[in-house]
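Residues per chain, in single letters:
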Amino acid sequence: MFRCMLAVILVAFGAAARAEDSIRIGLTDPMSGAFAQTGQQNSQQAQYLLDSINSKGGALGRTFELVTYDNKLQPSEALIALQSMVDHNIPFVWSNAGSNVAAALIDGVEKHNARDPDHRVLYFTAGSTAPELTNEKCSFWFFRFVPTTEQFAEMLVRALPPEVKKVYLLNPDYLYGQAMQRDSTKFLAQYRPDVQAAGNELIPVGKVKDFSSYIAKIKASGAQALITGNFGPDLSLLIKAGTEAGLDVSYYTVWAGTGGTPTAIGPAGNSRVFALQAFNDNMADEQGDAALKDLVTRFRATHDYDFDAGSWRAMFELLQAAIQKAGSTDPAKVAQVLEGMTSRDMLGHEWAMRAEDHQVLMPYYVSVFTKDVKYDSEHTGLGWKVIKTYEGKDLALPTTCKMKRPAT
Amino acid sequence: MELLLVSVLNGLLYGMLLFMLASGLTLIFSIMGVLNFAHASLYMLGAYFAYEISRRVGFWVALVIAPLLCGLLGALIETYGLRKAHRHGHVAELLFTFGLAFIVEKLVLMVWGPTAVPYRVPPELDFTLFSVYGTHVSAYRGFILLISAAMFAAIWLLLTRTRMGFVIQASLSHPDMVASLGHNVPRVFTTVFAGGAALAGLAGVIGGNYLVTEPAMAFSMGPIVFVVVVFGGLGSLAGCFIASLIMGFVQTFAVVLDISPADLLARLGVAVTPATPLAEVLRVPLPRIGPFLPFLLMVFMLLVRPRGLLGTRDT
């Protein structure tokens, strides 16, 4: 009788303690509004990866728990989400979409950590790519697990095959697109002085419906390749208009692999459209071990969109290792350990968290949209096949960050 | 020369696509005095209906059925919604269609999801019709031109050569007189609204696979159609037609002509230096502001000729 009661008490106590003890990560992304899909797919994929990490023991014998907060892609909403996370003592803050959101959160986290040193938080992103965040705005409390737009421009330029001598640059007309334009031009001069920019254009975001006039202009310029930072409908419509007019160029894009674009491009994009990717199902199948293959197969069986966030696995593993090594979830200790930490991802490539600016050096891939793959993208019959792999250290760019580390 | 010819073709095509969308709106606007904010939503529904029908029974069935469905929807909206709102004046009508546009967008998001659907050009029309200096012109683009030209002719004949057209025209200018002659004006309104909705649906069927079928398509197409209607003038199909073509050409040539106001001034012998007032604005090349030119033209038109290009009345 006594034993039985003891067991009940222990079990009840144990359960309570476990729930209390989970390591919470607060994810704030757009969960409603026009960009809800991004946020929802982000959180579903993160949950899927964390489940897999938890099944192998989590960190410090505790499991990871994902708590999501909607920010509607608004910096002000993200700050409210941050306050809510702080109120609930969540030590790890995570956001992806929107560099403006990230900039606001960096400021918010800096202020909070200075004001309340006993309940500090660590903030990381896997989606905000403005170079400023790890340069002028760099913070000890902020870590970035995605390349910058400057690195994107470099990757696209270096992926141009040697026979290409004329390129056309086309980018959205705001801060991001202007940076893409500036950096692409810079890297063309650095890596491919033999290549001439046949055209250099900025287009209003989301306003152009008929791209055929741009296509006529690109054709007249004699360009063999197009480098574009366009995304969403601006990218789909551009490629559609180009393939329809029989424009003979290769499309070097940053975002053609993301939600809905493969569907809109369709079979006409076969072996013409290139995209930058951190992960795709086919690379996992070709290079991955059994565990990774299993992860991908199970994902495809249970989700109806591409497993494009697969690389977050390595990010979570770095966090897991840092917590393990720090022996605590105290953000200050974890941040200290995370600085300069390295690990290998499931494809065998190195990830390193650069100490001087907290910018990750991670592998990245250039893929081509082709029929010649095992796993297709968005049921189009075509999928992404890696044609070029960059190691993290190949992509290291200098930083202007002057990191202020806490005194203790 | 080569670029010019291709651009004329592109401008013509885009203009005709705009006309397909705007003709229905201008009919409704001119006859009922209602600026139907949900018009582009019917265009979107036309595209989604066509996608659903064409993947089951084929594109050609969709070409007929989807506009009819939109027309039916339009009749229901007019009879059970707009007519009730009408009693409370134009503002109520405006707000009603405005709200409807949001509801349609949400419904589309719920049913078809937030990303583009694979609505494609039918294989029968997916070939190159001819080439102009190496730029392919697909059969589908020819088809769009054909359909929109046929549509223009049909509406024109209907309005000017048939009894029904006379009644509609008369309801536009003298609704009370038409009613006292024994015509059922509310039914004329319903017919016109349904007809306009069907035209929007047809534009959706044609434009949905030429462009991209996604939930944002209504809100991205809405403003430019509004511009065409206002620019062309209320109650004028011909004005709407000309305005559509002008907007098509303006947007196409704005992209191709890589000049800025500063370049034009330079030709006139005025050099723009950083010290010149508004130098930043004057140096912006035309392609960067191309999509905004129609709005600029509309504002200009409203200032100098509020009734629009071929408008018949000022309200």
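Definitions and cut-offs
Residues numbered from 1 in each chain as written. Chains lettered and ligands numbered in written order. Predicted model: local features only at pLDDT ≥ 70, side-chain atom pairs only at ≥ 80, totals over all residues. Heavy atoms only, no water. Helix = DSSP H or I, 4+ residues; strand = E, 2+ residues; numbered from the N terminus. Buried < 20%, exposed > 50% of the residue type's maximum accessible area, 1.4 Å probe, protein only. Contact = heavy atoms within 4.5 Å. Patch = residues over 30% accessible without salt bridge, like charges linked within 9 Å, V, L, I, M, F, W, Y side chains within 5 Å. Areas by Shrake-Rupley, 256 points an atom, 1.4 Å probe, with all protein chains shown as cover. Salt bridge = Lys/Arg side-chain N within 4 Å of Asp/Glu carboxyl O. Pairing = 2+ DSSP bridges. Axes fitted to C-alpha atoms, helices over the stretch in contact; angles between N-to-C directions. Phe/Tyr/Trp six-rings, centres within 6.5 Å; stacked < 30°, edge-to-face > 60°. Domains from an automatic or database assignment. Buried area = accessible area lost by both parts, 1.4 Å probe. Polar contact = N/O pair within 3.5 Å; in protein donor to acceptor, adjacent residues only side chain to side chain. Nonpolar A, V, L, I, M, F, W, Y, C, P; charged D, E, K, R; others polar. Core = buried A, V, L, I, M, F, W, Y, C linked by side-chain atoms within 4.5 Å. Disulfide = S-S within 2.5 Å.

Undergrad: Is there a simple way to think about the side chain of Ser-328 of chain A in this case?
TA: Residue and element names in this part refer to chain A. Tracing the sequence through the fold places Ser-328 in the loop between helix H12 (312-326) and helix H13 (331-338). Residue class for Ser-328 comes out buried when judged on its relative accessible area of 16%. Ignoring any residue separated from it by four or fewer positions in sequence, one finds Ser-328 in contact with Leu-60, Ile-323, Lys-333 and Val-334.

Undergrad: Is there a simple way to think about a nonpolar patch on the surface in this case?
TA: Residue and element names in this part refer to chain B. Residues Val-57, Val-61, Val-64, Ile-65, Leu-68, Leu-69, Leu-72, Leu-76 and Tyr-80 make up a contiguous nonpolar surface patch of roughly 840 Å² in combined accessible area. Considering the arrangement of structural elements, one finds Leu-72 in helix H3 (residues 59-86). Of the residues examined, Leu-72 reaches a relative accessible area of 53% and is grouped as exposed.

Undergrad: How do you make sense of the sheet that holds strand E10 (residues 273-277) of chain A when you look at a structure like this?
TA: In any sheet, the strands associate via hydrogen bonds between backbone groups, in a parallel or an antiparallel arrangement. Residues and elements named next belong to chain A. A sheet is described by the order of its strands in space; here 7 strands give the open sequence E7-E6-E8-E9-E10-E14-E15, paired in mixed fashion. Strands with a single pairing partner mark the edges of an open sheet, and in this sheet they are strand E7 (196-203) and strand E15 (383-390). When the angles between neighbouring strand axes are averaged without regard to direction, this sheet yields 25°. Where strand E14 (residues 364-370) meets E15, 7 bridges bridge the pair, whose relative direction is antiparallel. Along E15, the bridge assignment pairs Tyr-364 with Tyr-390.

Undergrad: I keep staring at the packing of aromatic side chains and nothing clicks. Help me out?
TA: What characterises a pair of aromatic rings is the spacing of the ring centres plus the angle enclosed by the ring planes. All names here are of chain A. Scanning the model with the defined rule gives 33 aromatic pairs over all chains in all. Seen from their ring centres, Tyr-48 and Phe-299 are 5.2 Å apart, and the 75° between their planes marks the pair as edge-to-face. Of this pair, Tyr-48 sits in helix H2 (residues 36-55) while Phe-299 is found in helix H11 (residues 290-302), placing the two residues 251 residues apart along the sequence. Taking relative accessible area as the criterion, Tyr-48 reaches 11% and is therefore assigned buried.

Undergrad: Sorry, what's going on with the sheet that holds strand E12 (residues 350-353) of chain A here?
TA: Residue and element names in this part refer to chain A. An order of E11-E12-E13 is seen for the 3 strands of this open sheet, with the pairing classed as antiparallel. Two strands close off the open sheet at either side, each with one partner strand: strand E11 (342-344) and strand E13 (360-361). Across 2 bridges, E12 lies against E13 in antiparallel orientation. Bridge pairing in E13 links Ala-352 to Leu-361.

Undergrad: I would appreciate a short explanation of the domain arrangement of chain A in the present structure.
TA: Where interface size is quoted, it is often the accessible area lost as the parts come together. Residues and elements named next belong to chain A. As assigned here, chain A comprises domain 1 (2-146 + 310-361) and domain 2 (150-277 + 363-394). Each of domain 1 and domain 2 has a C-alpha centre, and these two points are 32 Å apart. With 9 residues of domain 1 at the interface, the matching set in domain 2 holds 9 residues. Together, the buried faces of domain 1 and domain 2 total about 830 Å²; carbon and sulfur atoms form 58% of this surface. At the boundary of domain 1 with domain 2, the tally comes to 0 salt bridges. Joining domain 1 to domain 2, the criterion identifies 2 residue pairs in polar contact (both at pLDDT 80 or more). A class-by-class count of the residues in the side of domain 1 that touches domain 2 yields 4 nonpolar, 3 polar and 2 charged.

Undergrad: Looking at this model, I keep getting lost on the nonpolar core. Mind explaining?
TA: Most often, soluble globular proteins have nonpolar side chains that are buried together. Of all hydrophobic cores here, the largest spans 120 residues; its most connected members are Ile-218 of chain A together with Tyr-140 and Ile-206 of chain B. Among the elements that line this core, the one with the most residues is helix H1 (residues 2-32) of chain B, at 15 residues. Aside from chain neighbours lying at most four places away, what touches Tyr-140 of chain B is Phe-59, Val-121, Pro-122, Leu-125, Val-205, Ile-206, Asn-209 and Tyr-210 of chain B. Counting 104 residues, the second-largest nonpolar core is a separate cluster that includes Phe-274, Trp-312, Phe-316 and Val-360 of chain A.

Undergrad: I'm lost on the state of the cysteines in this one. Help?
TA: Here is the idea: a disulfide is a covalent bond, and it sits between the sulfur atoms of two cysteines. Within the structure shown, the criterion is met by 1 disulfide over all chains. Disulfide pairing places Cys-138 of chain A opposite Cys-401 of chain A at an S-S distance of 2.0 Å. The disulfide joining Cys-138 of chain A to Cys-401 of chain A has a torsion of about 80° about its S-S bond and is therefore right-handed. Here Cys-138 of chain A, found in the loop between strand E4 (122-125) and strand E5 (142-144), pairs with Cys-401 of chain A, found in the segment after E15; they are 263 residues apart in sequence, far enough to count as distant. Of the two residues, Cys-138 of chain A and Cys-401 of chain A, both sit in the buried class. Between Cys-70 of chain B, a cysteine without a disulfide, and Cys-240 of chain B, which holds the nearest cysteine sulfur, the sulfur-to-sulfur distance is 18 Å.

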